[in-house]
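# Survey of secondary and tertiary structure
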Amino acid sequence: MKFGGRRKVPPLIFSSELSRFQNQTRLFFTTSVRRLQTTFRARAFSFTSNGGGGGSQGNPFLLPGATAATILMLGALHIRRMYSDKKIEEARERGIEHEFQPDAKAAFLRLLPLRSISRLWGSLTSVELPLWVRPHVYRAWARAFHSNLEEAAFPLEEYASLQEFFVRTLKEGSRPIDSDPQCLVSPVDGTILRFGELKGVRPMIDQVKGFSYSVSSLLGASSFLPLITEGSVHEGSSEEEKTPTEKSKKTWWRVSLASPKVRDPVSMSPMRGLFYCVIYLKPGDYHRVHSPVDWSVLVRRHFPGHLFPLNERATRTIRNLYVENERVVLEGLWQGGFMAMAAIGATNVGSIKLFIEPDLRTNLPVRKLLHSQQPEERVYEPEGVGMMVKKGNEVAAFNMGSTVVLVFQAQVSKEKDSSSEFNFCVKRGDRIRVGEALGRWH
């Protein structure tokens, strides 16, 4: 007797059904988030119009509901952070480095409307809290994420909302800037994830052990990253070893600004002395971004994208994490040559604020994200000179934790003695603060 086997479902039908399910899921989440946003805005307006600053009037649901949700969120995040930190610390003690390994959670994240969720989070955190509850909420946040409230520039009661608290300024002198002119400083408070020199054809940055992404895809195809053709590596090296004054006379960056074009990075190699550094900001870190050196910002690019998490688990499970996420890239020149700083958004950190360009808006609603979508680019005036920024000046701010990637040229020597070359003075996993030295040269 023959038993009927399983019926094989044609791949095309399965693919269409999966696509339909994904679209329905996204539509459901997006519609729900928009309704919640409308509700919260209406209640917030009702609360403020009734004089809710003191907490005795206004909508009775809004304040207890928002406060309870905040406290529950802080507790859940605190438990999760403790568990994650314990696992990571145990792995480091054993000398284990996690390799890249996609999982089901990473695939599921693509189904969620994280951009809409992040906008909702922004609406929630911008709701003005009653005066009496502010210190309790902010201290709970600081306890959960190890924030130092003693450094806050103002009393806790003066931060009207969580959003204002996240991007708070610090007391004068809390972040002294290293005054050594031959020193590149950290632009943020955070953890050193990766750093090194870019080498080889199509230079890559390690996201995690077993997976890398190209520098060109991070900065954009129109970037004036100093690359040279593979056959001219030796010529490029000798040119790179010239003094900064001689390099400033070169016109490679002027040509790139005057007529930007897409370059094929497959046959291109970086000039000598091109370095990178990746710094991760935890939710409890100081969220403002400062200038690492004295430099001239020539171009700004805004890449719309996803808003995946940027924590340790995400870096080893999501491909091209820093390339797929929304980000703002600043490019320009400093005494060492090329300088680029990429501020990368994350879940609940869709808003990246540029102090040098207050009108820039990020995480705006879009119909569909396309990998081929060109970034929105602005060349700062006057062209070729740009916007001068001093070392230590505030440049940008995140609403919560995120990541900053630096790509820059620095001093190199053609002699065997490397004492005059740029050298990093940090190690992977080090905690660093704004103004502390990332590297030096002599």
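Predicted, not measured: the structure shown is a model, and the values here were computed from it. (Residues numbered from 1 in each chain as written. Predicted model: local features only at pLDDT ≥ 70, side-chain atom pairs only at ≥ 80, totals over all residues. Heavy atoms only, no water.)

The next subject is the UniProt feature "modified residue: Pyruvic acid (Ser)" (unreviewed entry) in the protein chain. As annotated by UniProt and renumbered to match this structure, "modified residue: Pyruvic acid (Ser)" (unreviewed entry) occupies Ser402. Relative to the helices and strands, Ser402 resides in the loop between β15 (394–398) and β16 (403–409). (UniProt positions renumbered as here; feature names shortened; annotations may be inferred. Helix = DSSP H or I, 4+ residues; strand = E, 2+ residues; numbered from the N terminus.)

Turning our eyes to something else, we now look at the pattern of salt bridges. For the structure on display, the rule yields 16 salt bridges. The residue Arg440 makes a salt bridge to Asp178 at a minimum N-O spacing of 2.7 Å. One end of the pair, Arg440, is in strand β19 (residues 437–440); the other, Asp178, is in the loop between α6 (162–166) and β1 (183–185), and 262 residues separate them in sequence. Overlapping salt bridges bring together Glu151, Arg175, Asp189 and Arg433 as one network. (Salt bridge = Lys/Arg side-chain N within 4 Å of Asp/Glu carboxyl O.)

Among the seven residues that make up strand β7 (residues 274–280), seven are buried, leaving the element largely enclosed by the rest of the structure. Here β7 shows two buried faces, one formed by Leu274, Tyr276, Val278 and Tyr280 and the other by Phe275, Cys277 and Ile279. Bridging between strand β2 (residues 190–197) and β7 involves six bridges; their strand directions are antiparallel. Across the sheet, the residue bridging to Gly196 is Tyr276, located in β7. With seven bridges connecting them, β7 and β16 associate as antiparallel partners. When the bridges of β16 are listed, Ile279 appears paired with Val404. (Buried < 20%, exposed > 50% of the residue type's maximum accessible area, 1.4 Å probe, protein only. Pairing = 2+ DSSP bridges.)

Turning our eyes to something else, we now look at the sheet that holds strand β17 (residues 423–424). The antiparallel open sheet is built from three strands, whose spatial order is β1-β19-β17. Of all strands in the sheet, those bounded by a partner on one side alone are β1 and β17. In this sheet, β19 lies alongside β1 in antiparallel orientation, the contact comprising three bridges. The partner of Cys183 across the bridge, within β19, is Arg440.

Below, the discussion takes up the UniProt feature "active site" (unreviewed entry) in the protein chain. Here the UniProt-annotated "active site" (unreviewed entry) positions come out as Asp189, His290 and Ser402. What stands out for the annotated residues spanning 214 residues is how close their C-alpha atoms remain, the widest pair being 14.2 Å apart. One can find Asp189 in the loop between β1 and β2. The buried category is assigned to Asp189, whose relative accessible area is 5%. With residues up to four places along the chain from it excluded, the contact list for Asp189 reads Arg175, Tyr280, Leu281, Asp285, Tyr286, Ile432, Arg433 and Val434. (Contact = heavy atoms within 4.5 Å.)

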